[in-house]
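What the coordinates show
Here is what each chain is made of, one letter per residue.
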Amino acid sequence: MFRSLSGRNYRIWFAGALVSNIGTWMQRTAQDWLVLTQLTHDDAVAVGVTMALQFGPQLLLLPWTGLVADRFDRRRMLMLTQGLMGLLGLGLAVMVLTDTATLWSLYGFALALGVVAAFDTPVRQAFVSDVVTGEQVSNAVALNSASFNAARLIGPAVAGVLIAAIGSGWVFVINAGSFLAVLVALRFVDPRQLADRARAPRGKGQLVAGFRYVRTRPDIIVVLCMIFVVGTFGVNFPIFTSTMARVEFHRGAGEFGLLNSVMAVGSVLGALLSARREVPRMRTLTIAAGGFGLACTAAAFAPTYWTFAVLLAFVGLASLTFMTTANALVQTTTAPAMRGRVMALYMAVFAGGTPLGAPIVGAVADAWGPRWAIGVGATSGFVALAIALVWLVRFQHVRLRYDADNRLHLAVTRSLPVVAPAPGTRAARAAVRRDLEHDEAVVERSSAV
């Protein structure tokens, strides 16, 4: 489960990222609560707009962010972006502590943070494959998710206590300081032990090269479609938890932070279970999408605060299994020279749908209540499940079959061409190549299923 930690560079990076992630979750919790309770009167749409401003730039700046991740030194780029985000967090802290923060000024900081994060995210995602290589990449991706969600377990709970005790402004100060941990970690990462990689050359066509590459990979396209649906309408947890805590159950900041931490328990478990798997599989992604839909449906009908809290753990388990598996599938099957641009596209599809989905989900919560908003998230899981099933059945020819022992199992069924061209012709040589590629693809698909 923890095999990637055997490498020195990854251990250093993992420790620094964990501290920074705790600060980031503290700021997110304080920011959402500040918007909901101090800058507005329980306005879920305002929370959705704040999320949209933070994630929208990942979509708008997509061609440039991915190219930066593939062309420049990722370690140095991370030092730049992490430093800028620390300064932005400090600036927001000063505004809140001096009581000069307004809703519009917070929108501005959210947008600025979103622009920096748009460059930081694909670099950070692709940097994992620089720190570890080969079969360790999938494990490292899962452990990164575990780190991120262990921070979500700690950060919101601590933030809820601190908001009530000393106010949101000091939470932002602590977050700004947490970025020092990443900067120190990056300083001590040994560049000589990082994996060699081919950098994107200068010249025309490099901005759209990632799109051309993905267009030839229908397996990645299917994953991106599933991630878009769930990322747009399902992963709006700040809206779900804040409105359920405040509006439905009439609880305060401490209980709101606790909900995020409880969901993080399931998320950490999902990430660690993903780390145990040697190879990410489409089957796991499909089951996780259906599990997310079922968990959200149950949470929407939760009768009490504590029932809702328990069900959130299952929501976290399903969502992190889904997201970690999708991330690992894309990273481990993408050519190294294209990984930054493909991961930029992946993150843009995942987070870039938030400007569309978050305000809609917030509006649903305002108009019909938070339970209906969670119902929208449940629907996104079932839609992602349908996309996977259609692709597996129609294009991968996956069918339910009985084996020799009369046990039901999944099988790839696809017939080879019966009529062959005349031997020695160009068509015959091309057919041989297609048959060989087809046989390899069948073996890969059977293994993946």
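Criteria and thresholds
Residues numbered from 1 in each chain as written. Predicted model: local features only at pLDDT ≥ 70, side-chain atom pairs only at ≥ 80, totals over all residues. Heavy atoms only, no water. Phe/Tyr/Trp six-rings, centres within 6.5 Å; stacked < 30°, edge-to-face > 60°. Helix = DSSP H or I, 4+ residues; strand = E, 2+ residues; numbered from the N terminus. Buried < 20%, exposed > 50% of the residue type's maximum accessible area, 1.4 Å probe, protein only. Lys NZ or Arg CZ within 6 Å of the ring centre and 35° of its normal.

As annotated in an unreviewed UniProt entry, the protein chain is MFS family permease from Curtobacterium salicis.

Considerations on the packing of aromatic side chains
Enumeration according to the criterion identifies 6 aromatic pairs in this entry. Relative to Tyr107, the ring of Trp104 lies with its centre 5.4 Å away and its plane at 90 degrees, an arrangement referred to as edge-to-face. Of this pair, Trp104 and Tyr107 are both found in helix α5 (residues 103-131), 3 residues apart, which corresponds to roughly one turn of the helix. Residue Tyr107 is classed as buried on the basis of its relative accessible area of 10%. Taking 6.1 Å as the distance between ring centres and 85 degrees as the angle between the ring planes, the aromatic pair formed by Phe249 and Tyr305 counts as edge-to-face. On the criterion of sequence distance, the pair formed by Phe249 in the loop between α10 (237-248) and α11 (253-276) and Tyr305 in helix α13 (residues 305-333) is long-range, its members being 56 residues apart. As far as the burial class goes, Phe249 and Tyr305 line up, both buried. Site record: aromatic cluster; members linked through ring pairs are Phe249, Tyr305, Trp306 and Phe308. When the ring centre of Phe188 is taken as origin, the NZ or CZ atom of Arg187, which lies over that ring, is 6.0 Å away. In this arrangement the basic side chain of Arg251 is found over the ring face of Tyr305, its NZ or CZ atom lying 4.5 Å from the centre.

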